[in-house]
Amino acid sequence: MDRNVYLDMISLEEAQQRITRHFGSRRLPKAMVPSARAAGRVLAEPVFARASSPGYHAAAMDGIAVLAETTYGASEGRPRTLVVGETAFPVNTGHRLPEGCDAVIMIEAVNPVSDTEVEIESPAYPFQSVRKMGEDIVATELLFPTGHLITPYCVGALITAGMFEVAVYETPKVLIVPTGSELVALTGEGTAQLEPGRIFESNSHMLAAMVERDGGIAETHPIIEDDPAAISACVAKAAEEGVDAILIIGGSSAGSADYARTVVSGLGTLLFHGVTIMPGKPVLAGEVKGVPVFGMPGYPVSAIVAFEQCLSPLLASLAGRSFEPKATLAVTPSRKVASKLGVEEFLRVKLGQVGDRIIATPIAGGAGTLTSITEADGIIRIPPQVEGLAAGPEVSCELLRPASAVGRTLVAVGSHDNTLDLMADEIRRDAGTVRLSSSHVGSMGGLMALKRRTCHLAGIHLLDPSDGSYNRSYVETYLPDRSLTLVNLVTREQGLMVAKGNPRGITGMEDLTRDGVRFVNRQGGSGTRILLDYRLKALGIDDKLIDGYTRDEYTHMSVAVAVLSGTADAGLGIYAAARALDLDFIPVVTEQYDLLIDNDYLDTPMVTALLATIRSQRFKTRVLALGGYSTDTTGEVVARF
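The notes below deal with the structure included here. From a predicted model like this one, the values you see are computed outputs, not experimental measurements. Positions within a chain are numbered from 1, following the residues in the order the chain's sequence is written. Restriction of local features to residues with pLDDT of at least 70 applies here, the model being predicted, together with a cutoff of 80 or more for giving and counting side-chain atom pairs; totals for whole chains, interfaces and linings are based on all residues. With hydrogens and water excluded, all non-hydrogen atoms of the structure serve as input to the side-chain values.

### What about the overall build of the protein?
The numbering of helices and of strands both runs from the N terminus, where a helix is a DSSP run of H or I of at least 4 residues and a strand a run of E of at least 2. A count of helical and extended segments in the protein gives 16 helices and 36 strands. Computation of the radius of gyration draws on C-alpha atoms, with the globule rule given as 2.2 Å multiplied by the number of residues to the power 0.38. Relative to the compact-globule value of 26 Å for 641 residues, the protein shows a C-alpha radius of gyration of 34 Å, a clear excess of over 25%. Dimensions of the protein, computed from the C-alpha atoms along their principal axes, are close to 110 × 70 × 50 Å. For the protein, buried positions account for 49% of its 641 residues. A 1.4 Å probe rolled over the protein chains alone gives each residue an accessible area, and that area as a share of the maximum for its type sets the label: buried under 20%, exposed over 50%, partly exposed in between.

In structure tokens, the structure reads:
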């Protein structure tokens, strides 16, 4: 089978330099646009004011206009009388000063004597409360230089200065060409779940929005199947018609049906194929008939990283704008992170302020896991010469959200539960600016995060095999000297999730050792794993006899998906997850799921808002609608430590 192979991969820095060397000096043609509609555009010529502002000496407040020298000597003991229409002229803010006047006395300092006379008790000085002609803008002076990005504020200045149209660079036009025989166009009709092997084409919509975010105009071509001749014809036609950049989505990797490199090489010049970044490695760049052409990876997160590192700077340059890197913060990784030597990794993280540190919690997921970036607050770039990050030392993080949002984020680490999503939604609805960031690392992982002081609270459901109780003994053992409060979130049903109709005829734990039964487990340290091991021991079942015991997933929904997809026949999880995916459920135990809160934050507005949310009737009603839950003790304090 014929497959592409990457050319010698280059560093991201080298890739960006090649793009800059090849296209960096280019600017789009200029166009004249009305100033009133110029916000967001970049000036292609300098702008000089045609009119002064103000164009006359103007009153800066309501009062009377006077010649200052006629007021000298006025005092409380010897007030000065002025005659309206002769030595005192009523004016409002913005009025032109009457001829022969050079000052304004505010109305509050004027005492009416009669219909024709007023008194003042203090003198005025020349140009008191007066906006002098040209105070803001002087005709003929430089208002804005070439390359200036016009803001909404600038629009007002342009019109005030008599500049009713300006020369700006044209807007970059980008053609986006989605390729792939497996793609299905978004039509607004049909099922939300396609047959296996088919996927909705979403990358073009995402990249088009990114083009427009960066000040460009995006046009999306209909999907082209994996046909190199058709792709070549499309790219050649677009280059002839004069678009400013072309993005070929998919086909840049090393598969047998990946044709982007062949197309670009056949029509023009290939600048590079393969960059030492993760995600984003397969990106390629070239030139066809003077037009920049990029092969974008098909995995969405790879496409995002490749676009922002290669396309965003180019679009800014074409439009005459300076490219501004994302704002950064110094953050503390919550745990060690391994990375591949020789590759620059873009690690997606959730952020929250815990004490005086900004804690960065890595988000699991590869280049195809779009939620790993939609849920991220920032990106830590791990250099290629470094083998991962250590927990503790601060590193720089590029922000994907405003820095102010970090200080309003509750950091929850621990066991997964479906009600956490409802909690996050409800707290945003009720508390507005407060956000909940939850990371699913298991109940023991939550306890250890609290021990390291890298979270505000932990979700836990840890069974004590000695007496059947939940959570207390673990807190006393692992966090003996900490001030903590244990609050119940829910009680819930745990059991075996099996396919609809239970085709394997599974009735209990004993059936997990049968030949042909495949199991999917939760990760070590999770409360569900501890529960499973407890039940297996009680039944005298050797876990080595269970096919799939060592196969780990980190959430109940991931276990449910494994059963739904047929890669597993059974998995231990909560009823709500089984119900959500229409699986059958075999009850095993009713358990207690609690929130363990660090008392340092118990009385903060964020935790107060959280507790108010889970105690609300609306939250409880939504939880009960999921199935498999009881909220009888939701929000109650279980224990204080």
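### So, the nonpolar core
Within the largest apolar cluster, 59 residues are counted, with the highest numbers of intra-cluster contacts made by Leu410, Met423, Leu447, Leu489 and Leu596. Not counting residues up to four positions away in its chain, the partners in contact with leucine 447 are Ala458, Ile460, Leu462, Tyr474, Val475, Tyr478, Leu479 and Leu596. We call a set of buried Ala, Val, Leu, Ile, Met, Phe, Trp, Tyr and Cys residues a nonpolar core when their side-chain atoms join them within 4.5 Å. Counting residues in hydrophobic clusters, the runner-up holds 39 residues, among them Val283, Ala303, Leu314 and Leu315. The contact rule is simple, with two residues in contact once any of their heavy atoms fall within 4.5 Å.

### Some thoughts on helix H5 (residues 260-267)
The complete set of buried residues in H5 reads Ala260, Arg261, Val263 and Val264. The arc that holds every buried residue of H5, seen down its axis, measures 165°, which confines them to one face. Summarising the contacts, the buried residues of H5 are in contact with helix H4 (228-241), strand E17 (245-249), strand E18 (269-273), strand E20 (284-288) and strand E21 (291-296). For this quantity, the arc is that covered by the directions from the helix axis to the C-beta atoms.

### Description of the sheet that holds strand E5 (residues 80-83)
An order of E5-E9-E8 is seen for the three strands of this open sheet, with the pairing classed as antiparallel. Each edge of the open sheet is held by one strand with a lone partner, namely E5 and strand E8 (111-112). One ladder, built from four bridges, connects E5 with strand E9 (residues 117-120); its direction is antiparallel. Residue pairing for E9: threonine 81 is matched across the bridge by glutamate 119. Paired strands, as defined in this entry, are two strands with at least two bridges between them according to DSSP.

### Examining the pairing of strand E34 (residues 584-598)
Pairing of strand E29 (residues 457-460) with E34, which is carried by four bridges, proceeds in the antiparallel orientation. Each residue of the ladder has a partner; that of glycine 459, found in E34, is leucine 595.

### Describing the pairing of strand E30 (residues 484-498)
The two faces of the sheet receive side chains in turn, since in a regular strand these alternate between them. Counting buried positions along E30 gives 13 out of 15 residues, so the element sits mostly inside the fold. Relative to E34, E30 runs antiparallel, the two sharing 14 bridges. Across the sheet, the residue bridging to leucine 496 is isoleucine 586, located in E34. Sheet topology note: the E30/strand E36 (residues 637-640) ladder contains three bridges and is antiparallel. Each bridged residue has a counterpart across the sheet, and for leucine 486 the counterpart in E36 is alanine 639. With two bridges connecting them, E30 and strand E35 (residues 629-630) associate as antiparallel partners. For arginine 492, the partnering residue across the bridge sits in E35 and is tyrosine 629. Across five bridges, E30 lies against strand E33 (residues 570-574) in antiparallel orientation. Its bridge partner being in E33, glycine 495 is matched across the sheet by glycine 573.

### A short note on the sheet that holds strand E4 (residues 63-66)
The strand order across the open sheet built from three strands is E6-E4-E7, with neighbouring strands paired in antiparallel fashion. Two strands bound the open sheet, and with one partner strand each, they are strand E6 (89-91) and strand E7 (103-106). Between one strand and the next, the sheet's axes are offset by a mean angle of 40°, whatever the strand orientation. All axes here are fitted lines through C-alpha atoms, helices being fitted over the stretch that makes contact, and every angle between N-to-C directions spans 0 to 180 degrees.

### Observations concerning the environment of arginine 452
Looking at where arginine 452 falls in the secondary structure, it is placed in the loop between helix H10 (443-451) and E29. Classification of arginine 452 by relative accessible area gives partly exposed; the value is 43%. Along the sequence, arginine 452 and arginine 335 sit 117 residues apart, while their C-alpha atoms lie 9.7 Å from each other.

### As for the side chain of glutamate 308
Residue position: glutamate 308 is located in helix H6 (residues 300-318). Counting of polar contacts relies on pairs of N or O atoms within 3.5 Å, with two restrictions inside protein: one atom must be capable of donating a hydrogen and the other of accepting it, and residues adjacent in sequence are counted only when both atoms are side-chain atoms. A polar contact is formed between the side chain of glutamate 308 and the side chain of arginine 213, at a distance of 2.9 Å. Those residues in contact with glutamate 308 that sit more than four places away from it in its chain are Met210, Arg213, Pro313, Phe323 and Lys326.

### Things to note about the pattern of salt bridges
Where side chains of opposite charge bring their charged atoms close, a pairing between them can arise. By definition here, a salt bridge exists when the distance from a side-chain nitrogen of Lys or Arg to a carboxyl oxygen of Asp or Glu is within 4 Å. Taken as a whole, this structure holds 29 salt bridges when the rule is applied. Among the salt bridges present, the one from glutamate 14 reaches arginine 21, with a minimum N-O distance of 3.3 Å. Given a relative accessible area of 22%, glutamate 14 falls into the partly exposed group. Judged by relative accessible area, which is 57%, arginine 21 ranks as exposed.

### With respect to the environment of arginine 408
Within the secondary structure, arginine 408 is located in the loop between helix H8 (403-406) and strand E27 (409-414). Residue class for arginine 408 comes out partly exposed when judged on its relative accessible area of 31%. Residues within four places of arginine 408 in sequence aside, it is in contact with Thr433, Val434, Arg435 and Met606. A polar contact is formed between the side chain of arginine 408 and the backbone oxygen of serine 404, at a distance of 3.2 Å. Within the structure, arginine 408 has its side chain in polar contact with the backbone oxygen of threonine 433 (distance 3.3 Å).

### Quick word on unusual backbone geometry
Put simply, serine 53 and proline 54 share a cis peptide bond, and its omega is -10°. Among the secondary structure elements, proline 54 is positioned in the loop between strand E2 (47-48) and strand E3 (58-59). Positive phi outside glycine occurs at serine 129, with the angle close to 55°. With respect to the helices and strands, the residue serine 129 is situated in the loop between E9 and strand E10 (130-131). For asparagine 502, which is not glycine, the phi dihedral falls at a positive 50°. Among the structural elements, asparagine 502 can be located in the loop between E30 and strand E31 (519-522).

### Notes on the packing of aromatic side chains
For this analysis, a ring pair means two rings from Phe, Tyr or Trp (six-membered ring only for Trp) whose centres lie within 6.5 Å, classed as stacked if their planes differ by under 30 degrees, edge-to-face if by over 60, and tilted for the remaining angles. For the structure shown, the criterion picks out one aromatic pair. Here tyrosine 575 and phenylalanine 585 contribute two aromatic rings whose centre-to-centre distance is 5.2 Å and whose plane-to-plane angle is 80°, an arrangement assigned as edge-to-face. One end of the pair, tyrosine 575, is in helix H14 (residues 575-580); the other, phenylalanine 585, is in strand E34, with 10 residues separating them in the sequence. Owing to a relative accessible area of 29%, tyrosine 575 belongs among the partly exposed residues under this scheme.

### Describing the side chain of glutamate 344
Note that glutamate 344 resides in strand E23 (residues 344-354). Those residues within four positions of glutamate 344 in sequence are excluded, and the remaining contacts are Leu12, Thr276, Ile277, Met278, Arg381, Ile382, Pro383 and Pro384.

### Looking at helix H16 (residues 617-626)
What sets the pattern is the α-helix's 3.6 residues per turn: residues three or four places apart point alike. Among the residues making up H16, those that are buried are Phe619, Lys620 and Val623. Mapping the buried residues of H16 onto a view down its axis gives an arc of 95°, with all of them on the same face. Away from the buried face of H16 by more than 90 degrees, exposed residues Gln617 and Ala625 are located. Taken from the residues just after H16, glycine 627 is the one with a positive phi, measuring 90°.

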